[in-house]
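# Inside the fold
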Amino acid sequence: MSKLADNLNTILQRIKELSELNQTSVRLIAISKTKPVEDIIELYHAGQRYFGENYVDELEKKSNDNLILTQCSDIRWHFVGHLQSNKINRILTRVPNLDCIQTIDSIELADRLNNNLQKQSKTLNILIQINTSNEQQKSGIEQKDFLSLYEHIKLNCKQLICQGLMTIGSLDNVNTEDESDFQVLIQCRKELCDKYNLSINDIELSMGMSNDYERAIQVGSTIVRVGSLIFGVRH
Ligand SMILES: *Cc1c(COP(=O)(O)O)cnc(C)c1O
């Protein structure tokens, strides 16, 4: 078995063990940023379907690659980076198999996406990105504002299918046992479900990366975004 497939299977096995304990189902998004399409294809053939990128240019290029188009017809792309408004039309019209934009963090962004999708008569899965660490430079909507963004999307953005909440979390916490960013996201989901009378099983939580995906699953993550642990370190 190839090294990449080996890495993938180790992580999938770990995800399976942890999610069975919690009786949740957890999706793995392989974050392929900076990595070549050959790596993506290898993992696709090993069974991986969800891949994530954080730059629109790179996502556009990879998703239109001839080998990807011919060999990976069932691939599903997630966008996990900050989306600038001048890139909205490109991501919505030039990325085949775009499955989800995980980083909706303002009413303006939601409206622009919705208007563009409406013209194409298309819908798109999204997550609301929350800045759980309150770091100024980090993107994501502030915790105090996310319910009004959710409400706005529900009422006015019919092309957007809000599947849940996402956080990157504080990079300062990476090697500690500090779960506060995860706990903030869990608390947000609770508020959302209480207010709209939803089951918590209906709201996904995208949290956890290479260094903390196991802890994230233990506390209830349903989407983990793992890059370097699968692909190796980025340069
Ligand atoms: C790069 C990235 C990841 C993956 O990071 P690793 O530490 O390599 O697993 C996850 N989420 C987002 C938003 C990223 O930009």
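Presented here is an overview of the structure given in this document. For clarity, every value in this text was computed on a predicted model and none was experimentally measured. Along each chain, residues carry numbers from 1 onward, in the same order as the chain's sequence is written. Local features in a predicted model are, by the rule used here, given only for residues with pLDDT of at least 70; side-chain atom pairs are given and counted only at 80 or more, and totals for whole chains, interfaces and linings are based on all residues. Hydrogens are left out, water is left out, and the side-chain values use all remaining heavy atoms of the structure.

## Considering the overall build of the chain
Stated formally: Secondary structure is summarised from DSSP: a helix means a run of H or I of at least four residues, a strand means a run of E of at least two, and numbering begins at the N terminus for each. Just to be clear, the radius of gyration here is over C-alpha atoms, and the globule rule we use is 2.2 Å times residues to the power 0.38. Only protein chains enter the accessibility calculation, which uses a 1.4 Å probe; a residue whose area is less than 20% of its type maximum is buried, one above 50% is exposed, and one in between is partly exposed. A contact between two residues is defined here by any heavy atoms of the two lying within 4.5 Å. Per-residue accessibility takes into account occlusion by the displayed protein chains alone, with areas from the Shrake-Rupley method and a 1.4 Å probe. Charge assignment: positive for Lys and Arg, negative for Asp and Glu; neither His nor the chain ends contribute. The atoms used to mark charge sites are NZ of Lys, CZ of Arg, CG of Asp and CD of Glu.
Broken down by element type, the chain carries 10 helices and nine strands. Scaling as 2.2 N^0.38, a compact globule of 235 residues should have a C-alpha radius of gyration of about 18 Å, and the chain matches this with 17 Å. Seen through its C-alpha atoms, the chain measures out along the principal axes to roughly 50 × 45 × 30 Å. Within the span of the chain, comprising 235 residues, buried residues form 52% of the whole. Here the contacts in the chain between residues at least 6 apart in sequence split such that 66% fall between residues at least 24 apart. Summed over all atoms, the accessible surface of the chain reaches about 11,300 Å², with 46% contributed by carbon and sulfur. Between the mean site of the 26 positive side-chain charges and the mean site of the 31 negative ones, the chain shows a separation of 5 Å.

## Quick notes on the site of the ligand
For clarity, the threshold we go by: Any residue with a heavy atom lying within 4 Å of a molecule or strand is counted as near it. Polar contacts here mean pairs of N or O atoms no more than 3.5 Å apart (in protein, one a potential hydrogen donor and the other a potential acceptor; neighbouring residues in sequence count only if both atoms are side-chain atoms). Gly counts as polar in this scheme, as do all residues outside two lists: the nonpolar Ala, Val, Leu, Ile, Met, Phe, Trp, Tyr, Cys and Pro, and the charged Asp, Glu, Lys and Arg.
As a matter of local geometry, the ligand sits amid Ile31, Lys33, Asn54, Val80, Ile168, Met209, Ser210, Arg225, Val226, Gly227, Ser228 and Arg234. Between the ligand and Ser228 there is a distance of 2.8 Å, counted from an oxygen atom to a backbone nitrogen or oxygen. For the shell around the ligand, a count of residues per class yields five nonpolar, four polar and three charged.

## Concerning the nonpolar core
The nonpolar side chains of soluble globular proteins are, as a tendency, buried together. So the rule is basically this: Put simply, buried Ala, Val, Leu, Ile, Met, Phe, Trp, Tyr and Cys residues joined by side-chain atoms within 4.5 Å make one nonpolar core.
Ile91, Ile101 and Leu165 are the most contacted members of the largest nonpolar core, which has 64 residues in total. Per-element accounting of this core gives the leading share, eight residues, to helix H8 (residues 180-196). Contacts of Ile101, omitting those with residues within four sequence positions, involve Phe79, Leu83, Ile91, Leu92, Leu113, Leu124, Asn125, Ile126 and Leu127. Counting residues in each nonpolar core, the second largest holds seven residues, with Ile29, Val80, Leu127 and Met166 among its members.

## A word on the packing of helix H1 (residues 3-22) against helix H2 (residues 37-45)
Here is the rule we go by: Inter-axis angles, ranging from 0 to 180 degrees, are taken between N-to-C directions of lines fitted to C-alpha atoms, where helices are fitted over the stretch in contact. Geometric relationships in this document are graded by angle, where less than 35 degrees denotes roughly parallel, more than 145 denotes roughly antiparallel, 65 to 115 denotes roughly perpendicular, and other angles denote oblique. A crossing counts as left-handed when the near helix is turned anticlockwise from the far one by less than a right angle, and as right-handed when that turn is clockwise.
Where H1 contacts H2, the axes come no closer than 9 Å and their chain directions differ by 55 degrees. With respect to each other, H1 and H2 are oriented oblique. Considering the relative orientation of H1 and H2, their crossing is right-handed. Here Leu4, Ala5 and Leu8 of H1 come into contact with H2, specifically with Asp39, Glu42 and Leu43.

## What to know about the packing of aromatic side chains
Heads up, the condition is: Two rings belonging to Phe, Tyr or Trp (six-membered ring only in the last case) form a pair when the distance between their centres is within 6.5 Å. Interplanar angles under 30 degrees mark stacking, angles over 60 mark edge-to-face geometry, and anything in between is tilted. Any Lys NZ or Arg CZ that is within 6 Å of a ring centre and within 35 degrees of that ring's normal is treated as a charge sitting over the ring.
A full pass over the atoms with the stated rule returns two aromatic pairs. Geometrically, the ring pair formed by Phe51 and Trp77 is tilted, given 6.2 Å between the ring centres and 50 degrees between the ring planes. Within this pair, whereas Phe51 is found in strand S2 (residues 50-53), its partner Trp77 is found in strand S3 (residues 76-79), the two being separated by 26 residues in sequence. The class for Phe51 is buried, based on a relative accessible area of 0%. On the basis of relative accessible area, Trp77 is assigned to the buried category, the value being 0%. Arranged with centres 5.0 Å apart and planes meeting at 50 degrees, the rings of Tyr150 and Tyr196 form a pair that is tilted. In this pair, Tyr150 is assigned in helix H7 (residues 146-156) and Tyr196 in helix H8, connecting sequence segments 46 residues apart. It is Arg27 that lies over the ring of Tyr50; its NZ or CZ is 4.9 Å from the centre. The aromatic ring of Tyr44 is capped on one face by Arg49, whose charged end is 3.7 Å from the ring centroid.

## Focus: the pattern of salt bridges
Test applied: In the sections that follow, a salt bridge refers to a side-chain nitrogen of Lys or Arg positioned within 4 Å of a carboxyl oxygen of Asp or Glu.
Per the counting criterion, the structure on display carries 16 salt bridges. Here Arg49 ties to Asp74 by a salt bridge, and the two come within 3.8 Å at their closest N and O atoms. One end of the pair, Arg49, is in the loop between H2 and S2; the other, Asp74, is in the loop between helix H4 (66-71) and S3, and 25 residues separate them in sequence. By relative accessible area, Arg49 is classed as partly exposed at 27%. By relative accessible area, Asp74 is classed as partly exposed at 38%. With a shortest N-O distance of 3.0 Å, Arg90 and Asp57 are connected by a salt bridge. Placement of the pair is Arg90 in helix H5 (residues 88-93) and Asp57 in helix H3 (residues 56-63), with a sequence separation of 33 residues. For Asp57, a relative accessible area of 42% puts it in the partly exposed group.

## Quick look at the state of the cysteines
Spelled out, the test is: For the purposes of this analysis, a disulfide is any pair of cysteine sulfur atoms at a distance within 2.5 Å.
Tallying each qualifying case throughout the model produces zero disulfides. In this structure Cys162 is not part of a disulfide, and its nearest cysteine sulfur, from Cys100, lies 9.0 Å away.

Take it as geometry only, folks, not as evidence of what the structure does.
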